[in-house]
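Take a look at the letters that make up each chain.
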Amino acid sequence: MNALRLSAAALLAALLSSSAFADELPVYKLQMKDGQLIPARLQVPAGKKFKIEVMNTGKTPAEFESIPLRKEKVLGPGAESFLVFQPLSPGEYKFFDDFHPKTGQGVIVAK
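Rules of the game
- Residues numbered from 1 in each chain as written.
- Predicted model: local features only at pLDDT ≥ 70, side-chain atom pairs only at ≥ 80, totals over all residues.
- Heavy atoms only, no water.
- Helix = DSSP H or I, 4+ residues; strand = E, 2+ residues; numbered from the N terminus.
- Contact = heavy atoms within 4.5 Å.
- Buried < 20%, exposed > 50% of the residue type's maximum accessible area, 1.4 Å probe, protein only.
- Pairing = 2+ DSSP bridges.
- Axes fitted to C-alpha atoms, helices over the stretch in contact; angles between N-to-C directions.

Inspection of the secondary structure puts Phe-99 in the loop between β8 (91–97) and β9 (105–110). Between the C-alpha atom of Phe-99 and that of Ala-62, which follows or precedes it by 37 residues, the distance is 5.6 Å. With residues up to four places along the chain from it excluded, the contact list for Phe-99 reads Pro-61, Ala-62, Glu-63 and Val-74.

Printed below as a string of structure tokens:
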């Protein structure tokens, strides 16, 4: 019985520590609105995992796409989602709205 309690306590501690770690994940917000990216430049810490919450506030579909980062996410009008990125080396990483490639250009800057 004591072993079962210890196992349950260890599991609970692991869950609590992993949720605390998830809370420390830096989160950045990106709004996509009919070919406009707000902000068009996101500065993130190099060497740290992070999350971008993407919201399509426009009336047309939007697609976050980054070829160098191998990420894409399609959002219908009014939709919200997120992307989690592994730690990046210092540098600039382009992304764009694939439905509006001429106007929807952005960059993630890892410093």
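With an omega dihedral of -5°, the bond running from Ile-38 to Pro-39 counts as a cis peptide bond. With respect to the helices, strands and loops of the structure, Pro-39 is situated in the loop between β2 (36–38) and β3 (41–44). Of note, Asp-34 is a non-glycine position whose phi angle comes to about 50°, a positive value. Residue placement: Asp-34 occurs in the loop between β1 (27–33) and β2. Given the relative accessible area of 35%, Asp-34 is considered partly exposed. One non-glycine residue with positive phi stands out, namely Arg-70, at about 55°. Tracing the chain through its elements places Arg-70 in the loop between β5 (62–66) and β6 (71–75).

Turning next to the sheet that holds β2. Taken together, the 4 strands give an open sheet; going across it, the order is β2-β1-β4-β7, and neighbouring strands pair in mixed fashion. Each edge of the open sheet is held by one strand with a lone partner, namely β2 and β7 (80–85). Put simply, the sheet's adjacent strands are angled 25° from each other on average, direction ignored. Across 6 bridges, the pairing between strand β4 (residues 50–56) and β7 is antiparallel. Paired with Val-54 across the bridge in β7 is Ser-81.

Keep in mind that these numbers describe shape and distance, not what the molecule does.
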